[in-house]
Amino acid sequence: MSLRSILRAAAPALALLALGAVTAAPAAAAGDPVRGKTLGYTCLGCHAIATYKNVYPTYSVPKLRGQHAEYLSVALKAYRSGERSHGTMHAHAVTLDDQDIDDVAAYLAGDSIPFDTVSTPAGTPPPAATAICGSCHGAVGIGNVGNIPTLTGQHADYLVYALESYRNGSRKNGLMQPFATQLKPEDIQALAEFYSKQSPSLQTVPLKEKAVRAK
Ligand code: HEC
Ligand code: HEC
């Protein structure tokens, strides 16, 4: 991977970023985590089991606790519309209206890792992390705005699968694809390992939670 070729490919996305288009999305209506806990019960069978894997292909079910609630809403809407394809997630998302989605997102995210928890990276970041990814995902992998996912402590095999999916076009996103298509498999591996080792870490949703606080 040459950084210059990545930057060239990424120019349209970076221009959007400079124009503020990335942050221009309206803030999601705040969800109600108490209502979301009831709705989210069926999600726990996969998202509250730390070792749970998607089977074909095999990769870990993503960690959601600590994620930005707004990004979780964006993701659920993409599964619902079919823009992001995954059979089980589509089947769940079509049962949810917009308010349900915001509520379940607020519950699953819990106390989102705050934007400004900027810490020094653990280990040496791969060059692309500093040159490219950090402009949106922050120095250690905390998404800069609500609709950019946090990557810190996420399962490395899920991050690899996500980046491969953008690269081969099976997951479509105008911001991510120009970057991902420039990455070589070894770059993807190094980036996934780097972000999976950063903290504060995303967590698996706890299976039993005593109380969910209203926000
Ligand atoms: C059968 C297991 C299973 C169940 C049940 C399930 N999920 Fe998922 N979920 C997955 C898998 C696997 C993925 C990753 C799919 C992919 O590759 O896009 C995922 C992805 C997600 C994502 C995207 C995370 C990210 O980082 O992009 C969200 C949000 C989500 N699930 C929420 C839910 C909610 C809400 C429910 C319940 C209404 C639910 N899931 C039920 C397995 C499950
Ligand atoms: C211009 C802003 C921007 C840049 C630069 C960027 N990303 Fe992203 N990234 C996003 C957005 C927005 C999403 C959510 C897209 C979606 O909904 O599928 C995302 C999603 C992801 C995901 C999926 C996370 C999940 O939970 O499913 C991974 C992994 C990722 N980015 C890694 C990277 C890496 C590695 C780089 C550098 C090579 C990078 N990103 C550069 C904006 C960016």
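To keep things clear, this report deals only with the structure shown in the data block. (Residues numbered from 1 in each chain as written. Chains lettered and ligands numbered in written order. Predicted model: local features only at pLDDT ≥ 70, side-chain atom pairs only at ≥ 80, totals over all residues.)

**Observations regarding the overall build of the protein chain**
Our working definition: Secondary structure counts use DSSP, requiring at least four H or I residues in a row for a helix and at least two E residues in a row for a strand, with both numbered from the N terminus. Partly exposed residues are those falling between the two cut-offs: more than 12 but fewer than 20 other C-beta atoms within 10 Å of their own, whereas 20 or more means buried and 12 or fewer means exposed, with C-beta atoms placed from the backbone. Placing a C-beta atom from the backbone of each residue, one calls two residues in contact when those atoms lie within 7 Å.
The helix and strand inventory of the protein chain stands at 10 helices and 2 strands. Along the protein chain, from the amino end to the carboxyl end, the secondary structure elements read α-α-α-β-β-α-α-α-α-α-α-α. Looking at the protein chain residue by residue over its 215 residues, the buried ones come to 39%. Contacts in the protein chain between residues far apart in sequence, at least 24 positions, make up 79% of those at least 6 positions apart.

**Concerning the site of ligand 1**
Let me state the cut-off plainly: Using the backbone to place each C-beta atom, any residue with that atom within 6 Å of a molecule or strand is considered near it. When residues are sorted by character, Ala, Val, Leu, Ile, Met, Phe, Trp, Tyr, Cys and Pro go into the nonpolar class, Asp, Glu, Lys and Arg into the charged class, and all the rest, Gly among them, into the polar class.
Around ligand 1, the surrounding shell holds 21 residues, and the nearest of these are Cys43, Cys46, Asn54, Ala75 and His92. Elements with a minimum of two residues in the shell around ligand 1: helix H3 (44-47), helix H4 (69-81), helix H5 (87-93) and helix H6 (98-109). Per-class residue counts for the shell around ligand 1 are 12 nonpolar, 8 polar and 1 charged.

**A few points about the site of ligand 2**
Lining the immediate surroundings of ligand 2 are 24 residues, of which Cys133, Cys136, Pro149, Ala162 and Asn173 lie closest. Counting residues per element, the ones that place at least two in the shell around ligand 2 are helix H1 (3-18), helix H7 (127-137) and helix H8 (156-167). Broken down by element, the residue count for the shell around ligand 2 peaks at 6 residues, all from H7. Grouping the amino acids of the shell around ligand 2 by side-chain chemistry returns 19 nonpolar, 4 polar and 1 charged.

**Overview of H6**
Convention followed: A helix is expected to span 1.5 Å multiplied by its residue count minus one.
The first and last C-alpha atoms of H6 sit 16 Å apart over 12 residues, in line with the 16 Å expected at 1.5 Å per residue. Burial of H6 is extensive: 9 of the 12 residues sit out of reach of the surface. Taken together, the buried positions of H6 are occupied by Ile101, Asp102, Asp103, Val104, Ala105, Ala106, Tyr107, Leu108 and Ala109. For H6, the elements touching its buried residues are helix H2 (33-39), H3 and H4. The first or second residue beyond H6 is Gly110, which carries a positive phi of 60 degrees.

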